[in-house]
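# Descriptive structure summary
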Amino acid sequence: AVERTLSIIKPDAVAKNIIGEIYSRFERAGLKIVAARMMHLSREQAEAFYAVHKARPFFKDLVDFMISGPVMVQVLEGENAVAKHRDIMGATDPKQAEAGTIRADFADSIDENAVHGSDAVETAQQEVNFFFGPDEICPRTR
Ligand code: CMP
């Protein structure tokens, strides 16, 4: 089925100037960018986005990192988009990520791991709605 998923290019990857390189990987995989915004998250926004991790020991470091610089946030649309995006990203820990994935190629650590992607169709809907209103998403008709 055609799905949508939320992608974030994190501050480390923005700083490395590889937004286009990462976008090219999405496009080569058949994922279409249907919404995008560069933003510098506030602490409140980052805490709210990652609320599910609030009790985890890495929460504070995660939030500090995510507000350390601008991020590029986008909605990707395509057949099986959630799983396809996760395949392209590779494992959360770059040491575990398969060769040729974004995290294997560009991530420095499990904390500074270049990209975020929704982990399931249901969370994808929540994460897309966190950042974008319906009028900000541009479905592809051709
Ligand atoms: P992300 O997909 O953005 O979701 C939460 C982030 O927390 C994750 O990527 C990692 O960058 C970070 N993180 C740090 N330590 C861990 C851990 N032990 N397990 C999962 N995520 C972690």
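None of the values given here were measured: they were computed from a predicted structure.

## Considering the site of the ligand
Lining the immediate environment of the ligand, one finds Lys10, Tyr50, His53, Arg56, Phe58, Leu62, Thr92, Arg103, Ile110, Asp111, Asn113 and His116. Residue Tyr50 places a side-chain N or O atom 2.6 Å away from an oxygen atom belonging to the ligand. Note that an oxygen atom of the ligand is positioned 2.6 Å from one of the backbone N or O atoms of Ile110. Expressed as a share of its isolated accessible area of 460 Å², the protein-covered part of the ligand is 79%. Given that more than half its atoms are within 2 Å of the pocket grid, the ligand belongs to the largest pocket.

## Thoughts on the pairing of strand β1 (residues 2–9)
In summary, the side chains of a regular strand alternate between the two faces of the sheet. Among the eight residues of β1, six are classified as buried, and the element is accordingly described as predominantly covered. Where β1 and strand β4 (residues 115–117) come together, three bridges link them in antiparallel fashion. Of the residues in β4, the one forming a bridge with Ile9 is Val115.

## Comments concerning the UniProt feature "domain: Nucleoside diphosphate kinase-like" (unreviewed entry) in the protein chain
According to UniProt, the feature "domain: Nucleoside diphosphate kinase-like" (unreviewed entry) maps to residues 2–139 in the numbering used here. Taken end to end, residues 2–139 has its terminal C-alpha atoms 11 Å apart, with 40% of it in helix and 20% in strand.

## Re the pattern of salt bridges
Enumeration according to the criterion identifies seven salt bridges in this entry. For the salt bridge of Glu21 with Arg25, the shortest nitrogen-to-oxygen distance reads 2.9 Å. With Glu21 and Arg25 both in helix α2 (residues 19–28) and four residues apart, the pair spans about one turn of that helix. A salt bridge links Lys60 to Asp64; its shortest N-O distance comes to 2.8 Å.

## Some thoughts on the packing of aromatic side chains
Overall, the coordinates contain five aromatic pairs when judged by the stated rule. Ring centres of Phe49 and Tyr50 lie 5.0 Å apart, and the angle between their planes is 80°; on these two criteria the pair is classed as edge-to-face. With respect to class, Phe49 is no different from Tyr50; both count as buried. With centroids separated by 5.5 Å and ring planes inclined at 65°, the aromatic side chains of Phe49 and Phe130 adopt a geometry described as edge-to-face. In this pair, Phe49 is assigned in helix α3 (residues 43–49) and Phe130 in helix α7 (residues 121–131), connecting sequence segments 81 residues apart. Residue Phe130 is classed as partly exposed on the basis of its relative accessible area of 34%. The rings of Phe49, Tyr50, Phe130 and Phe131 are connected pair by pair, giving a single aromatic cluster.

## Re the UniProt feature "active site" (unreviewed entry) in the protein chain
Here the UniProt-annotated "active site" (unreviewed entry) positions come out as His116. Turning to its location among the elements, His116 is positioned in strand β4. By relative accessible area, His116 is classed as buried at 12%. In this view, His116 contacts Leu6, Ser7, Ile8, Lys10, Phe49, Tyr50, His85, Met89, Arg103 and Glu127; residues no more than four positions away in its chain are not counted.

Conventions and cut-offs
Residues numbered from 1 in each chain as written. Predicted model: local features only at pLDDT ≥ 70, side-chain atom pairs only at ≥ 80, totals over all residues. Heavy atoms only, no water. Near = heavy atom within 4 Å. Polar contact = N/O pair within 3.5 Å; in protein donor to acceptor, adjacent residues only side chain to side chain. Areas by Shrake-Rupley, 256 points an atom, 1.4 Å probe, with all protein chains shown as cover. 1 Å grid on protein atoms, 1.4 Å probe; cavity = no way out; pocket = protein on both sides within 12 Å on 5 of 7 lines; lining within 4 Å. Sits in = over half its atoms within 2 Å of the grid points. Buried < 20%, exposed > 50% of the residue type's maximum accessible area, 1.4 Å probe, protein only. Helix = DSSP H or I, 4+ residues; strand = E, 2+ residues; numbered from the N terminus. Pairing = 2+ DSSP bridges. UniProt positions renumbered as here; feature names shortened; annotations may be inferred. Salt bridge = Lys/Arg side-chain N within 4 Å of Asp/Glu carboxyl O. Phe/Tyr/Trp six-rings, centres within 6.5 Å; stacked < 30°, edge-to-face > 60°. Contact = heavy atoms within 4.5 Å.

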